[in-house]
Amino acid sequence: MLAQDTTKHEYCFLNTNANMSSASSSSSSSFASKSPIIFTFVCILISFVVVADSVPINETTFRPTEELKKLNRVRAILKKINKPPLKTIQSPDGDLIDCVPSHLQPAFDHPNLRGQRPLEPPLERPKGYNASDEHVETIQLWAESNEFCPKGTIPIRRTTEKDVLRASSVKRYGRKIRGGVRHDTMSGGHEHAVAFVNGDQYYGAKASMNVWTPAVTDPYEFSLSQLWVISGSFGNDLNTIEAGWQVSPELYGDGYPRFFTYWTTDAYQATGCYNLLCSGFVQTNNRIAIGAAISPRSSYNGKQFDIGIMIWKDPKHGHWWLQFGSGVLIGYWPSFLFSHLQKEASMIQFGGEIVNSRTRGYHTSTQMGSGHFADEGFGKASYFRNLQVVDWDNSLLPLTNLHLLADHPNCYNIKAGKNNVWGNYIYYGGPGRNARCQ
């Protein structure tokens, strides 16, 4: 390719030599002899033009510019999410937990919250709440050293450049892909085994779920167990509030089960996010980090460890509060974030969800729950126990008219029961790909 315009090079070369041997060798080199410095500079420019002309224009030519733009977008995201901490705690799993002044958390970037401070916790929990329901208290890995964030701050898992670059889309970092709620239709690669109630007005829900470490076999898949508070149609106006535990290599870079939250007001399109990755959820607690790993976890035929989750609408201010474990208030979703959920929920769901990307042309081996089917029961299958809803009178009630739905029962299934200790309960989950799940 470089041979296509050698005449320019030859002219410069010959005339430069001529200039070096004599002041003037011919009429064609008179300019070179009179202005040797300028002539040399022109020759250098010609060389650059020739080389540039000889390189084919393709996407690799522009890659450095595109990479720089992407890196700038990533750094802008990090600047927005990561707030200046008063203290940083190193977690055994590699996470950095930043202790950020509570009034500087991402929620207060929202125009409706700017300049404000977190609200005081509601004085009353829903009627019928009993802290003794929570038998085993699980903790988070970062807190095993008994080092916590000071009062007036909240613990936030620091987001790294690697976290954002792992995302399938930098633009949608921190958001689910559509299909996060099951409602009698195929859900774009999302598969569910859930119990749900509908047909009434709901003001919250409560349950305890055991925590496992399901295998996630594709970097862009996840496995989660959660409760959903839902309102609106299943079109573009869907409102959800979600909380539970999840394994997501894409979001966190590892296979640990982590406590998480989510919300959306437009069916996972442009609003909402996981945890504190956008302005929305207001955290008030200084001892629990949303997005941090949960420890200990349940083991097959061994000890079972569960976490309690309760979400309810405070009758006084109308905000949706989140409780974790034995009565620990984490924070709230301001009611103004939502359209339908400003009033009440129309459906409550409990159960598991995975993403089946079929990247190898067949069903994923990503596990749901313990990775074992519901029929195996206690100590082997995942469970939700003491399922309850909150009614218009701010009272916790057992479920009536409970529906079960497993959209791929040969891959993940669900069964329900009821007794005097666990009240309404479900077992759910499965291994994914097997002889009957292809």
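Quick caveat: nothing in here was measured; it's all calculated off a predicted structure.

A. Geometry of the overall build of the protein chain. A tally of helices and strands in the protein chain yields 6 helices and 21 strands. Residues counted as buried form 51% of the 438 residues belonging to the protein chain. Surface exposure of the protein chain reaches about 20100 Å², of which carbon and sulfur atoms provide 56%.

B. Seen up close, the state of the cysteines. Going through the model one piece at a time under the given rule, you end up with 3 disulfides. Two residues share a disulfide in this structure: Cys 99 and Cys 149, whose sulfurs sit 2.1 Å from each other. Every disulfide takes its handedness from the sign of the S-S torsion; for Cys 99 and Cys 149 that torsion is -75°, giving left-handed. On the criterion of sequence distance, the pair formed by Cys 99 in strand β2 (residues 96–101) and Cys 149 in the loop between β3 (139–140) and β4 (153–157) is long-range, its members being 50 residues apart. Cys 411 shares a disulfide with Cys 437; S-S distance 2.0 Å. Its torsion about the S-S bond being 95°, the disulfide of Cys 411 and Cys 437 is classed as right-handed. On the criterion of sequence distance, the pair formed by Cys 411 in the loop between β19 (403–406) and β20 (413–419) and Cys 437 in the segment after β21 (423–429) is long-range, its members being 26 residues apart.

C. Seen up close, the sheet that holds strand β1 (residues 87–90). Ordered by their spatial adjacency, 3 strands build an open sheet running β1-β2-β4, and the pairing between neighbours is antiparallel. Of all the strands in the sheet, just β1 and β4 have a single pairing partner and so form its edges. Taken over all neighbouring pairs, the strand axes of this sheet differ in orientation by 25° on average, direction set aside. Two strands pair when backbone bridges link them, and β1 and β2 are joined in this way by 4 bridges, in the antiparallel orientation.

Scoring rules and cut-offs
- Residues numbered from 1 in each chain as written.
- Predicted model: local features only at pLDDT ≥ 70, side-chain atom pairs only at ≥ 80, totals over all residues.
- Heavy atoms only, no water.
- Helix = DSSP H or I, 4+ residues; strand = E, 2+ residues; numbered from the N terminus.
- Buried < 20%, exposed > 50% of the residue type's maximum accessible area, 1.4 Å probe, protein only.
- Areas by Shrake-Rupley, 256 points an atom, 1.4 Å probe, with all protein chains shown as cover.
- Disulfide = S-S within 2.5 Å.
- Pairing = 2+ DSSP bridges.
- Axes fitted to C-alpha atoms, helices over the stretch in contact; angles between N-to-C directions.

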